[in-house]
Amino acid sequence: NAGVMQNPRHLVRRRGQEARLRCSPMKGHSHVYWYRQLPEEGLKFMVYLQKENIIDESGMPKERFSAEFPKEGPSILRIQQVVRGDSAAYFCASSPSLQDAFFGPGTRLTVL
Amino acid sequence: AQSVSQHNHHVILSEAASLELGCNYSYGGTVNLFWYVQYPGQHLQLLLKYFSGDPLVKGIKGFEAEFIKSKFSFNLRKPSVQWSDTAEYFCAVNAGTGRRALTFGSGTRLQVQP
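Residues numbered from 1 in each chain as written. Chains lettered and ligands numbered in written order. Predicted model: local features only at pLDDT ≥ 70, side-chain atom pairs only at ≥ 80, totals over all residues. Heavy atoms only, no water.

Caption draft 1: Representation of the interface of chain B and chain A in the model. Contacts between the two partners involve 17 residues from chain B and, on the opposite side, 18 residues from chain A. For the pair chain B and chain A, the two sides together bury roughly 1,500 Å², of which 53% comes from carbon and sulfur. Taken together, chain B and chain A are joined by zero salt bridges. For the interface between chain B and chain A, the tally reads two residue pairs in polar contact (both at pLDDT 80 or more). Contributing elements (two or more residues each) for the side of chain B that touches chain A: strand E5 (31-38), strand E6 (44-50) and strand E10 (87-95) of chain B. Residue contributions to the side of chain B that touches chain A peak at three residues, all from E5(B). Across the side of chain B that touches chain A, the residue classes break down as eight nonpolar, six polar and three charged. (Contact = heavy atoms within 4.5 Å. Buried area = accessible area lost by both parts, 1.4 Å probe. Salt bridge = Lys/Arg side-chain N within 4 Å of Asp/Glu carboxyl O. Polar contact = N/O pair within 3.5 Å; in protein donor to acceptor, adjacent residues only side chain to side chain. Helix = DSSP H or I, 4+ residues; strand = E, 2+ residues; numbered from the N terminus. Nonpolar A, V, L, I, M, F, W, Y, C, P; charged D, E, K, R; others polar.)

This is the structure we're talking about:
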């Protein structure tokens, strides 16, 4: 059973471009969480999704950020018009229930 | 709102030394508690978790943690560390009911010297 997959592992964007981060949960997991880790800080919750539904987006910035988890395919975290402050590691976690969460390797976004 | 404090940001130990990493949380209701480890260049892995029952929890690789409800603490311990324990350690909590997203501490970087 493959773990949580994230791609790309590293992503470089110039200011103003769009970043699309993908997360494939573990097989059988219908809960997906996105977290952001800024340098020298712990992970901060962004959004919690189940298939086709956003359950909790209280940690998501109100502008430029969006997330989806379609019926088929990976979960996508989309950042429009990136700025330097978006540079961070973005982690996805999946869960079969409301308890354990299994983390992916993360996507390290660098905005030039 | 929940918050998690990890007071030790950077700990340096020699091999075979004992380890205790502090974790305090702020939340008035039922909580689930976790310790994750992130080895250099790798993703987060679950070390141990507490949901209910015996407050002394044993995890992988010889780690354990004790939940002390009166102190809102969930400190991580290991009697004898190894060089391979060099990593960053994160304490996390989530509410026992309702919102299940994890709230993380800022992490403790452990460096074990051979």
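Caption draft 2: Representation of the packing of aromatic side chains. Summed over all chains, the structure comprises 15 aromatic pairs over all chains. Considering the side-chain rings of Phe103(A) and Tyr36(B), the 5.2 Å spacing of their centres and the 80 degrees angle between planes classify their relative orientation as edge-to-face. One end of the pair, Phe103(A), is in strand E10 (residues 102-103); the other, Tyr36(B), is in strand E5, on a second chain. Residue Phe103(A) is classed as buried on the basis of its relative accessible area of 4%. Given the relative accessible area of 1%, Tyr36(B) is considered buried. Geometrically, the ring pair formed by Tyr50(B) and Phe67(B) is tilted, given 4.7 Å between the ring centres and 35 degrees between the ring planes. Within this pair, whereas Tyr50(B) is found in strand E6, its partner Phe67(B) is found in strand E8 (residues 64-68), the two being separated by 17 residues in sequence. Summarising the burial analysis for this pair, Tyr50(B) and Phe67(B) share the class buried. Chaining the aromatic ring pairs together yields one cluster made of Tyr33(A), Tyr35(A), Phe45(A), Tyr48(A), Phe103(A), Phe34(B), Tyr36(B), Phe51(B), Phe90(B) and Phe104(B). (Phe/Tyr/Trp six-rings, centres within 6.5 Å; stacked < 30°, edge-to-face > 60°. Buried < 20%, exposed > 50% of the residue type's maximum accessible area, 1.4 Å probe, protein only.)

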